[in-house]
Amino acid sequence: MNPKELYKQKLISIPDAVGKVRSHQTIGVAMAASEPPGLLGELAKHRDRLESVRVWVCLPLGAYDFVLDPSMDGHFFVENWFYGNSDRAVHGQGCESYIPNNLHEAASKKLYAANNKVNVFFGTATPPDARGYMSLSLGLVIEKQLIAAADLVILEINENLPWTLGDTQIHLSEVDYIVENNVSVAQLPVAPPTEAEEKIGGYIASLIEDGSTLQLGIGGIPNAITAFMMDRKDLGIHTEMFTDGMVDLYNAGVITNSRKTLWKGKMVGAFALGTKKLYDFVDNNLCVEFQQGSVTNDPYIIGKNYRMISINTALQVDVLGQVCSQSIGSRHFSGTGGQLDTHRGAQLSEHGRGIIALRSTAKNGEISTIMPVLTEGAEVTIPSQDIDTIVTEYGIADLKGLCLRDRALALINIAHPDFRDKLKSEVMRLGIVPHF
Ligand code: COA
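Residues numbered from 1 in each chain as written. Predicted model: local features only at pLDDT ≥ 70, side-chain atom pairs only at ≥ 80, totals over all residues. Heavy atoms only, no water.

Here we look at the domain arrangement of the chain
So, point 1. The assigned domain composition of the chain is domain 1 (3-180) and domain 2 (195-429).
So, point 2. Put simply, the middle of domain 1 and the middle of domain 2, counted by C-alpha atoms, are 29 Å apart.
So, point 3. Contact residues are listed per partner, giving 31 residues for domain 1 and 33 residues for domain 2.
So, point 4. Between domain 1 and domain 2, the buried area comes to about 2600 Å², and carbon and sulfur atoms account for 62% of it.
So, point 5. Looking only at domain 1, the three residues that lose the most surface to domain 2 are H104, L138 and L165, adding up to 23% of its buried area.
So, point 6. Taken together, the connections running from domain 1 to domain 2 amount to zero salt bridges.
So, point 7. Secondary-structure elements contributing two or more residues to the side of domain 1 that touches domain 2 are helix 6 (143-149) and strand 8 (165-166).
So, point 8. Its residues assigned to classes, the side of domain 1 that touches domain 2 comprises 18 nonpolar, 10 polar and three charged. (Domains from an automatic or database assignment. Contact = heavy atoms within 4.5 Å. Buried area = accessible area lost by both parts, 1.4 Å probe. Salt bridge = Lys/Arg side-chain N within 4 Å of Asp/Glu carboxyl O. Helix = DSSP H or I, 4+ residues; strand = E, 2+ residues; numbered from the N terminus. Nonpolar A, V, L, I, M, F, W, Y, C, P; charged D, E, K, R; others polar.)

What follows is the structure, given as structure tokens:
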């Protein structure tokens, strides 16, 4: 059939599309900036006819009633791979829970549908071209797997989405229904670096040699530090998330991708989240390759890159080098995402390095982020046996191969000076290191 006819045939209203969902079904939703705000905003209006609908999400950005309104309890239950702001707000109410995962496991169906079934997929795409092909645009972490698994595929078409390249194409014939919603695309603002972040940026830059391939994670620090790499040459990108900082490095001629081992000449990643600057950059850009999360985050694929450096951030680290990036004590905060995947992948690479960078204190300097032990209930994102390098504004702790005593010392030396004596005495009191 002619693509224009096919499009017309599949086009329905947003209420009609959500009307296809039945009680006890699971809806798989595209993640982050590729989530469909029209379909998700509509869900709550169907509360009275829906019971026990599971909604599987990952890093949702919008504030939706089906998540936030307590009267939705029993009608919707959210299963989440990576929390955003709304999820943190409602976690204590019991209508949402976190699924522990490593992001490369996008290919493992067991992990994104507790009942091993995705009935409906809600996603977004660009308008189709003359041949009926669309681009899945800003998210390719798990979207293709969800589409393949779902019985019913519904796409929200938004002409403001960039047309991204790589493995992003989908044809109208693979979709059951289409809705239209030309809203502005969700953005993640970038804050200017703080003094501590500038120091961290300087230390990290000292660890990056020309020709390295970088992964930069989510959070303030990985974005802030790109400004300190402006004098490097021929960097490449193999990442999970494309960020604004990468655009600056590319425009400055620092990222050329010319010395990469895999996808030479191209930046490769699975999703983009940032400002309009980033979305304009990835639009129809032949040097930006979107691949599925099961590919970009496979540690063995990451490890094939020469001089692969992963840079992620954390909330807390204990003196053994156990990293917590996803909870504040027992309060779940975000997710593992690709942190362990990329940290491990970088260490499999020849001359690679896995870096965790964090400020030495939190809460306006009131608490140390380097602790004798993690706070009770904290979720371990990187175990001590995997940790490689930790950076704060006080320096670099190169932990690989160090015994527990030397690790503790190296970490205490990059803790905030106000906390160092207390850390030492606590570590000895607890018998982690009997004496230094
Ligand atoms: N104890 C208590 N609270 C802490 C804390 C600590 N040790 N460290 C930070 N916090 C608080 C901050 O004060 C802040 O609170 P606020 O929101 O009330 O201001 C909050 O936690 C977030 O801290 P911040 O450092 O600003 O977070 P961020 O936006 O830079 O994100 C992570 C940092 C670690 C949460 C984020 O990077 C993450 O989720 N990482 C895991 C996934 C990942 O790295 N994936 C990599 C591939 S994309």
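Don't stop here, the text continues.
What about the state of the cysteines?
So, point 1. A complete count under the given rule lists zero disulfides for this structure.
So, point 2. No disulfide involves C58; its sulfur sits 18 Å from that of C324, the nearest cysteine.
So, point 3. In this structure C58 comes out as buried when scored by relative accessible area, which is 3%.
So, point 4. The thiol of C95 is not disulfide-bonded; the next cysteine sulfur, from C58, is found 18 Å away. (Disulfide = S-S within 2.5 Å. Buried < 20%, exposed > 50% of the residue type's maximum accessible area, 1.4 Å probe, protein only.)

Looking at the sheet that holds strand 1 (residues 26-29)
So, point 1. Spatially, the seven strands line up as an open sheet ordered 4-3-2-1-5-7-10, and their pairing is parallel. Two strands in the sheet have a free side with no partner beyond their single neighbour: strand 4 (96-98) and strand 10 (177-180). Going from strand to strand, the sheet's axes swing by 20 degrees on average, the running direction of each strand aside.
So, point 2. As paired strands, strand 3 (residues 76-80) and strand 4 are joined by three bridges and run parallel to one another. Each residue of the ladder has a partner; that of N80, found in strand 4, is Y98. (Pairing = 2+ DSSP bridges. Axes fitted to C-alpha atoms, helices over the stretch in contact; angles between N-to-C directions.)

Considerations on the environment of Q339
So, point 1. Structurally, Q339 can be placed in helix 13 (residues 339-348).
So, point 2. Expressed as a C-alpha distance, the spacing of Q339 and G265, which sit 74 residues apart in the sequence, is 25 Å.
So, point 3. Excluding residues within four positions of it along the chain, Q339 makes contact with N312, T313, V323, S325, I356, T381 and I382.
So, point 4. At 2.6 Å, the side chain of Q339 forms a polar contact with the side chain of S325. (Polar contact = N/O pair within 3.5 Å; in protein donor to acceptor, adjacent residues only side chain to side chain.)

Some thoughts on the side chain of S325
So, point 1. Structurally, S325 is set in the loop between strand 19 (323-324) and strand 20 (327-328).
So, point 2. The class for S325 is buried, based on a relative accessible area of 9%.
So, point 3. Of the polar contacts made by the side chain of S325, one reaches the backbone oxygen of T313; its length is 3.5 Å.
So, point 4. Not counting chain neighbours up to four residues away, the residues in contact with S325 comprise T313, A314, L315, S334, Q339, E379 and T381.

Points about the site of the ligand
So, point 1. Close to the ligand lie 24 residues, the nearest being I218, L315, S334, Q339 and R359.
So, point 2. The backbone of L315 places a nitrogen or oxygen atom 2.8 Å from a nitrogen atom of the ligand.
So, point 3. The side chain of S334 places a nitrogen or oxygen atom 2.5 Å from an oxygen atom of the ligand.
So, point 4. Residues belonging to the shell around the ligand are distributed by class as follows: eight nonpolar, 13 polar and three charged. (Near = heavy atom within 4 Å.)

Brief notes about the environment of P36
So, point 1. Locating P36 in the fold gives a position in the loop between strand 1 and helix 3 (37-43).
So, point 2. Between the alpha carbons of P36 and I154 there is a distance of 9.8 Å; along the sequence they are 118 residues apart.
So, point 3. Dropping the residues within four chain positions of it, P36 is found in contact with V29, A30, F122, G123, T124 and E156.

Re the pattern of salt bridges
So, point 1. Enumeration according to the criterion identifies 18 salt bridges in this entry.
So, point 2. Between K144 and D167 there is a salt bridge, and its shortest N-O distance comes to 3.2 Å. Here K144, found in helix 6, pairs with D167, found in the loop between strand 8 and strand 9 (169-171); they are 23 residues apart in sequence, far enough to count as distant.
So, point 3. Residue classification places D167 among the partly exposed positions, given a relative accessible area of 22%.

Brief notes about a nonpolar patch on the surface
So, point 1. On the surface, a nonpolar cluster with roughly 210 Å² of combined accessible area is contributed by L409, M428 and F436.
So, point 2. As for its position among the elements, L409 is in helix 14 (residues 404-413).
So, point 3. Note on L409: relative accessible area 30%, which makes it partly exposed. (Patch = residues over 30% accessible without salt bridge, like charges linked within 9 Å, V, L, I, M, F, W, Y side chains within 5 Å. Areas by Shrake-Rupley, 256 points an atom, 1.4 Å probe, with all protein chains shown as cover.)

Side note on the packing of helix 14 against helix 15 (residues 417-429)
So, point 1. One can describe the packing of helix 14 onto helix 15 by two numbers: an axis separation of 9 Å at closest approach and a directional angle of 160 degrees. Here helix 14 is positioned roughly antiparallel relative to helix 15, judged by the angle of their axes. At the point where helix 14 passes helix 15, the crossing takes the right-handed sense. Residues L409, I412 and N413 of helix 14 form the contact with helix 15, whose participating residues are R420, L423, K424 and V427.
So, point 2. Taken together, the residues of the contact of helix 14 with helix 15 sort by class into four nonpolar, one polar and two charged. (Parallel < 35°, antiparallel > 145°, perpendicular 65-115°, else oblique. Left-handed = near helix turned anticlockwise from the far one by under 90°.)

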